[in-house]
Amino acid sequence: MKIYVCKDYERMGRVAANYLAAQINIKPDSVLGLATGSTPVGMYKELVKKYESRDISFKDIVTFNLDEYVNLPKENINSYYTFMHENLFDKIDINPENINMPDGNAKDFDSYSKEYEKAIALKGGIDLQVLGIGNNAHIGFNEPGEYFSKETTVVDLTRSTIDANSRFFDSIDEVPNQAISMGIGTIFKSEKIILLASGKTKAEAIKNTVNGPIDPHVPASILQLHKNVLLIIDEQAASLLDKNCYETV
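Just so it is clear, the model here is predicted, and its values are computed rather than measured.

Parameters at a glance
Residues numbered from 1 in each chain as written. Predicted model: local features only at pLDDT ≥ 70, side-chain atom pairs only at ≥ 80, totals over all residues. Heavy atoms only, no water. Helix = DSSP H or I, 4+ residues; strand = E, 2+ residues; numbered from the N terminus. Buried < 20%, exposed > 50% of the residue type's maximum accessible area, 1.4 Å probe, protein only. Contact = heavy atoms within 4.5 Å. Areas by Shrake-Rupley, 256 points an atom, 1.4 Å probe, with all protein chains shown as cover. Lys, Arg positive; Asp, Glu negative; His and termini not counted. Charge placed at Lys NZ, Arg CZ, Asp CG, Glu CD. UniProt positions renumbered as here; feature names shortened; annotations may be inferred. Core = buried A, V, L, I, M, F, W, Y, C linked by side-chain atoms within 4.5 Å. Axes fitted to C-alpha atoms, helices over the stretch in contact; angles between N-to-C directions. Nonpolar A, V, L, I, M, F, W, Y, C, P; charged D, E, K, R; others polar.

**Quick look at the overall build of the chain**
So, point 1. When helices and strands are counted, the chain shows seven helices and eleven strands.
So, point 2. In terms of its C-alpha atoms, the chain occupies a principal-axis envelope of roughly 50 × 45 × 35 Å.
So, point 3. Taken across its 249 residues, the chain has 56% of its residues classed as buried.
So, point 4. Sequence-distant contacts, at least 24 apart, represent 80% of the contacts inside the chain between residues at least 6 apart.
So, point 5. In the form shown here, the chain has an accessible surface area of approximately 11700 Å², with 47% of it arising from carbon and sulfur atoms.
So, point 6. Once the 26 positive and 35 negative side-chain charges of the chain are each reduced to a mean point, those two points are 6 Å apart.

**Examining the UniProt feature "domain: Glucosamine/galactosamine-6-phosphate isomerase" (unreviewed entry) in the chain**
So, point 1. Per the UniProt entry, the sites bearing "domain: Glucosamine/galactosamine-6-phosphate isomerase" (unreviewed entry) are residues 15–227 in this numbering.
So, point 2. End-to-end, the C-alpha atoms of residues 15–227 are 21 Å apart, and along that stretch the chain is 31% helix and 15% strand.

**Some details on the nonpolar core**
So, point 1. Counting residues in each nonpolar core, the largest one holds 77 residues, and the members touching the most others are Ile206 and Ile233.
So, point 2. Considering every element that reaches this core, the biggest residue donor is helix H1 (residues 9–26), with seven residues.
So, point 3. What Ile206 contacts, discounting residues up to four positions off in sequence, is Ile133, Leu195, Ala197, Leu231, Ile233, Ala237 and Leu241.

**Brief notes about the packing of helix H2 (residues 41–52) against helix H3 (residues 80–87)**
So, point 1. Remark: H2 packs on H3, axes separated minimally by 10 Å, with the N-to-C direction vectors making an angle of 40°. Residue-level inspection shows Val41, Tyr44 and Val48 of H2 in contact with H3, the latter providing Phe83, Met84 and Asn87.
So, point 2. Tallied by class, the residues present in the contact of H2 with H3 amount to five nonpolar, one polar and no charged.

Here it is as structure tokens:
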């Protein structure tokens, strides 16, 4: 596990975008796993700039998103479908047929989840997976529990996750209490993984991810075992780490 610490959120977004741009230029038909939430917004802005300056093209890129709320219409302003289109897809040259996002309104989630897994496998797996991290160290929407989830499935969101996500909704009662999410096993199959984290509220989760035991109650801790993981975090998120364990960029 390699760790880059950036001065602030803006720098973090630029560094992350540079990493993704390098992947795209090395392999123009890369399969990218994408994350939502406030953390990757800066990275997406920088990627759009790179596209607009013709430094990169997404025309052959395939994407798979990590997760989506259950029973929230995709047109809803808080759906991850809307998020991705507003922050990235509508601003670049990606082929709409190459965009894959979990359907939070599927009629049969068991069958749909298997199809999502199959779609990833048919594309040869994910070359580079982008992750955020929750205050409780969840990745995707894989919450702390007794075991590490294997495949895409519907998960019940914890109260801490619902509370954290309520800032995007008019009231906490509007926050969905379930989501469909790639499993940790699915994430772990990715060739490369980058995890982004910003702010003091993520410091404890980052500390436990990097230095704690590998424990399903700290879902992101499983990343210690992955062959190619890069954490790109800001100084606040790194505030509980030993300075000898990371590189300042």
